[in-house]
Amino acid sequence: MNNNFFNEMQPTIIERLGNIYNQNSEYQQALKNEAKLFEKIEGDFSEVQIQTVKSYYNLAYTTWGICEMLAYRQGMRDMAAILGIAENYEN
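These figures come from a predicted structure and were not determined experimentally.

What follows deals with the packing of aromatic side chains. Two aromatic rings are characterised by how far apart their centres lie and by the angle between their planes. A full pass over the atoms with the stated rule returns four aromatic pairs. Ring geometry for Tyr 21 against Tyr 27: centres 5.2 Å apart, planes inclined by 25°, an arrangement best described as stacked. An aromatic cluster of at least three residues, connected via ring pairs, comprises Tyr 21, Tyr 27 and Trp 64.

Here's what the structure looks like:
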């Protein structure tokens, strides 16, 4: 499967994943726990430290997002190979 296929599908994939995450109670609870801990950090850390933590999270979430997309793409490639249709999407 070529990258053009995945580039075209990416907005749909992201939207669908967002819907799945938002419907998941474990994910919602994890977000609440994250927010609660960040409130504690805001009370304990200086402004410079808070900005450093925010920068770290931005970079970590960016990396995580890339990993999620790569894993999803590889899963699609693997499924196509299992179904015998991979050759239809090769470069």
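Moving on: the packing of helix α2 (residues 25-44) against helix α3 (residues 47-83). Orientation of α2 relative to α3, taken along the N-to-C sense of each, is 150°, at an axis distance of 10 Å. Considering their axes alone, α2 and α3 lie roughly antiparallel with respect to each other. Judged by the sense of rotation from one axis to the other, the crossing of α2 with α3 is right-handed. Residues Glu 34, Phe 38, Ile 41 and Glu 42 of α2 form the contact with α3, whose own contacting residues are Ile 50, Val 53, Lys 54 and Tyr 61. Among the residues making up the contact of α2 with α3, the classes are represented as five nonpolar, no polar and three charged.

With that out of the way, let us pick up the confidence of the model for the protein. Overall, the predicted model of the protein reaches an average pLDDT of 85, with 89% of residues at or above 70. Highest mean pLDDT in the protein belongs to α2 (94); lowest belongs to helix α1 (residues 3-23) (80).

What follows is about a nonpolar patch on the surface. There is a patch of nonpolar side chains on the surface, built from Met 79, Ile 82, Leu 83 and Ile 85 and spanning about 410 Å² of accessible area. Residue position: Ile 85 is located in the segment after α3. The exposure class of Ile 85 is partly exposed, given its relative accessible area of 32%.

Because an α-helix completes one turn every 3.6 residues, residues spaced three or four positions apart along the sequence face the same direction. A rise of 1.5 Å per residue sets the reference length of α2, with its 20 residues, at 28 Å; its end C-alpha atoms lie 29 Å apart and thus fit the reference within 8%. Capping the start of α2 is the job of one residue whose side-chain oxygen sits 2.9 Å from the backbone nitrogen of Glu 26: Asn 24.

Okay, α3 next. Taking 1.5 Å of rise per residue, 37 residues should cover 54 Å, and α3 covers 53 Å from first to last C-alpha, within 8% of that figure. Two residues or fewer after α3 comes Gly 84, characterised by a positive phi angle close to 80°.

Cut-offs applied
Residues numbered from 1 in each chain as written. Predicted model: local features only at pLDDT ≥ 70, side-chain atom pairs only at ≥ 80, totals over all residues. Heavy atoms only, no water. Phe/Tyr/Trp six-rings, centres within 6.5 Å; stacked < 30°, edge-to-face > 60°. Axes fitted to C-alpha atoms, helices over the stretch in contact; angles between N-to-C directions. Helix = DSSP H or I, 4+ residues; strand = E, 2+ residues; numbered from the N terminus. Parallel < 35°, antiparallel > 145°, perpendicular 65-115°, else oblique. Left-handed = near helix turned anticlockwise from the far one by under 90°. Contact = heavy atoms within 4.5 Å. Nonpolar A, V, L, I, M, F, W, Y, C, P; charged D, E, K, R; others polar. pLDDT = per-residue confidence, 0-100. Patch = residues over 30% accessible without salt bridge, like charges linked within 9 Å, V, L, I, M, F, W, Y side chains within 5 Å. Areas by Shrake-Rupley, 256 points an atom, 1.4 Å probe, with all protein chains shown as cover. Salt bridge = Lys/Arg side-chain N within 4 Å of Asp/Glu carboxyl O. Buried < 20%, exposed > 50% of the residue type's maximum accessible area, 1.4 Å probe, protein only. Expected span 1.5 Å × (residues − 1). Polar contact = N/O pair within 3.5 Å; in protein donor to acceptor, adjacent residues only side chain to side chain.

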